[in-house]
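Below, each chain spelled out in residue letters.
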Amino acid sequence: MAFGTQIRTWFEGRWHEGDLHVMRAADHGMWQGSSVFDGARWFDGVCPDLAAHCARVNRSAEALMITPTLTAAEIEQIARDGLRGYDSTTAVYVRPMYWALHGSDLGVAPRPGATGFALSLEAVPMPPAGASTTLTRTRFRRPVLEDNVCNAKAGCLYPNNARMLVEAQSRGFGNALAADAMGNVAESATANVFIVRDGVVMTPIANGTFLAGITRSRHIENLRADGIEVREVVMSFDDVTAADEVFLSGNFSKVMPVTAFEDRQYHVGPVTKRVRHLYWDWARSTA
């Protein structure tokens, strides 16, 4: 079931209006979970970093041993063609997806060269400028590459994220702050995390347990270009408690201020506001 409206689906060479049925009961992606996706955002008439998201969905497919059937440039062109059906006042979630159609002789591994592809567009509003969230710890952790496909944006990883989120929300918080296998801060259940202390921005160093996001990289680049120091560090939960500001970074919201971690309260500070300003300025410059 979709979470947006005004849905358009690209499948088997053309656009269809609405939420199209694209997967069959015996598809490997259905019963073995061999599916990957990526997400970009269209808002204010721009779709920032769309090319990077299209390239990453192909890398994710390869990490799951699914054969990509389109180049990143072809996926980007399909998305841009579909976005012509929306006006600049509509925010859209752009989601290219691959899944394996057939399994190997034993049914477990995807069969090379047998791949389904679809691209879904859904009108989903951007969070308002004043939106914020709160964080709590979760007993669930991020996996490592030796036991899961942490180097892919894979559908099979998301039940673990869902457990984190539901646990946090059951305790009255908006999101969960998860540890990696070593007990250090990895990310939230839905986005990368940044903290600010004494004017220095810090984010967990990419260690293979979580996707270092495209929007995360964009924030780092924008901040450094603006003269703000950014460090990728091994981050403890005590570091988060001691921070002056905390914000989340992801494709869906771009910048989401955090106003509490457990019983620690934060103001939406000047650096968080600056990150948002820098991102929107950069995004609009791509038009």
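See the structure printed just above.
Given the structure is predicted, the values throughout are model-derived calculations rather than measurements. (Residues numbered from 1 in each chain as written. Predicted model: local features only at pLDDT ≥ 70, side-chain atom pairs only at ≥ 80, totals over all residues. Heavy atoms only, no water.)

## A closer look at the side chain of threonine 115
For step 1, the next point in the chain: Relative to the helices and strands, threonine 115 resides in strand 6 (residues 115-123).
For step 2, the next point in the chain: Judged by its relative accessible area of 14%, threonine 115 falls in the buried class.
For step 3, the next point in the chain: For threonine 115, the side chain forms a polar contact with the main-chain oxygen of threonine 67, separated by 2.7 Å.
For step 4, the next point in the chain: Residues in contact with threonine 115, not counting those within four places in the same chain, are Ile66, Thr67, Thr69, Tyr98, Trp99 and Leu101. (Helix = DSSP H or I, 4+ residues; strand = E, 2+ residues; numbered from the N terminus. Buried < 20%, exposed > 50% of the residue type's maximum accessible area, 1.4 Å probe, protein only. Polar contact = N/O pair within 3.5 Å; in protein donor to acceptor, adjacent residues only side chain to side chain. Contact = heavy atoms within 4.5 Å.)

## Digging into the state of the cysteines
For step 1, the next point in the chain: For the structure on display, the rule yields 0 disulfides.
For step 2, the next point in the chain: Cysteine 54 provides the cysteine sulfur closest to cysteine 47, a residue in no disulfide bond, and the two sulfurs are 7.9 Å apart.
For step 3, the next point in the chain: Classification of cysteine 47 by relative accessible area gives buried; the value is 6%.
For step 4, the next point in the chain: Of the cysteine sulfurs around cysteine 156, a residue in no disulfide, the closest is that of cysteine 150, at 9.5 Å. (Disulfide = S-S within 2.5 Å.)

## Regarding the packing of aromatic side chains
For step 1, the next point in the chain: Going through the model one piece at a time under the given rule, you end up with 10 aromatic pairs.
For step 2, the next point in the chain: Ring geometry for phenylalanine 11 versus tryptophan 99: centroids 6.4 Å apart, planes at 20 degrees, classification stacked. With a gap of 88 residues between them, phenylalanine 11 in strand 1 (residues 5-11) and tryptophan 99 in strand 5 (residues 92-100) connect regions that are remote in the sequence.
For step 3, the next point in the chain: Exposure remark for tryptophan 99: the relative accessible area of 3% places this residue in the buried category. (Phe/Tyr/Trp six-rings, centres within 6.5 Å; stacked < 30°, edge-to-face > 60°.)

## Some details on unusual backbone geometry
For step 1, the next point in the chain: Within the chain, glutamine 6 stands out as a residue other than glycine whose phi angle is a positive 50 degrees.
For step 2, the next point in the chain: Note on placement: glutamine 6 falls in strand 1.

## Focus on helix 5 (residues 214-225)
For step 1, the next point in the chain: For helix 5, spanning 12 residues, the distance from its first C-alpha to its last is 17 Å, which sits close to the expected 16 Å at 1.5 Å a residue.
For step 2, the next point in the chain: Along helix 5, the residues that are buried comprise Ile214, Thr215, Arg216, Arg218, His219, Ile220, Asn222 and Leu223.
For step 3, the next point in the chain: As for helix 5, its buried residues are in contact with helix 2 (50-63), strand 10 (192-197), strand 11 (200-204), strand 12 (230-233), strand 13 (245-249) and helix 7 (270-285).
For step 4, the next point in the chain: Trailing helix 5 by a residue or two, glycine 227 shows a phi angle of about 85 degrees, which is positive. (Expected span 1.5 Å × (residues − 1).)

## Points about the pattern of salt bridges
For step 1, the next point in the chain: One pass over the full model with this rule turns up 15 salt bridges.
For step 2, the next point in the chain: The partner of aspartate 27 in a salt bridge is arginine 24, and the shortest N-O contact between them spans 3.1 Å.
For step 3, the next point in the chain: Using a relative accessible area of 2% as the deciding quantity, one classes aspartate 27 as buried.
For step 4, the next point in the chain: We note a salt bridge from glutamate 232 to arginine 216, for which the minimum N-O separation is 2.6 Å. With glutamate 232 in strand 12 and arginine 216 in helix 5, this pair connects stretches of sequence that are 16 residues apart.
For step 5, the next point in the chain: On the accessibility criterion, glutamate 232 (34% relative accessible area) is partly exposed.
For step 6, the next point in the chain: Overall, the relative accessible area of 3% leaves arginine 216 in the buried class. (Salt bridge = Lys/Arg side-chain N within 4 Å of Asp/Glu carboxyl O.)

Purely spatial values, then, with no claim about function.
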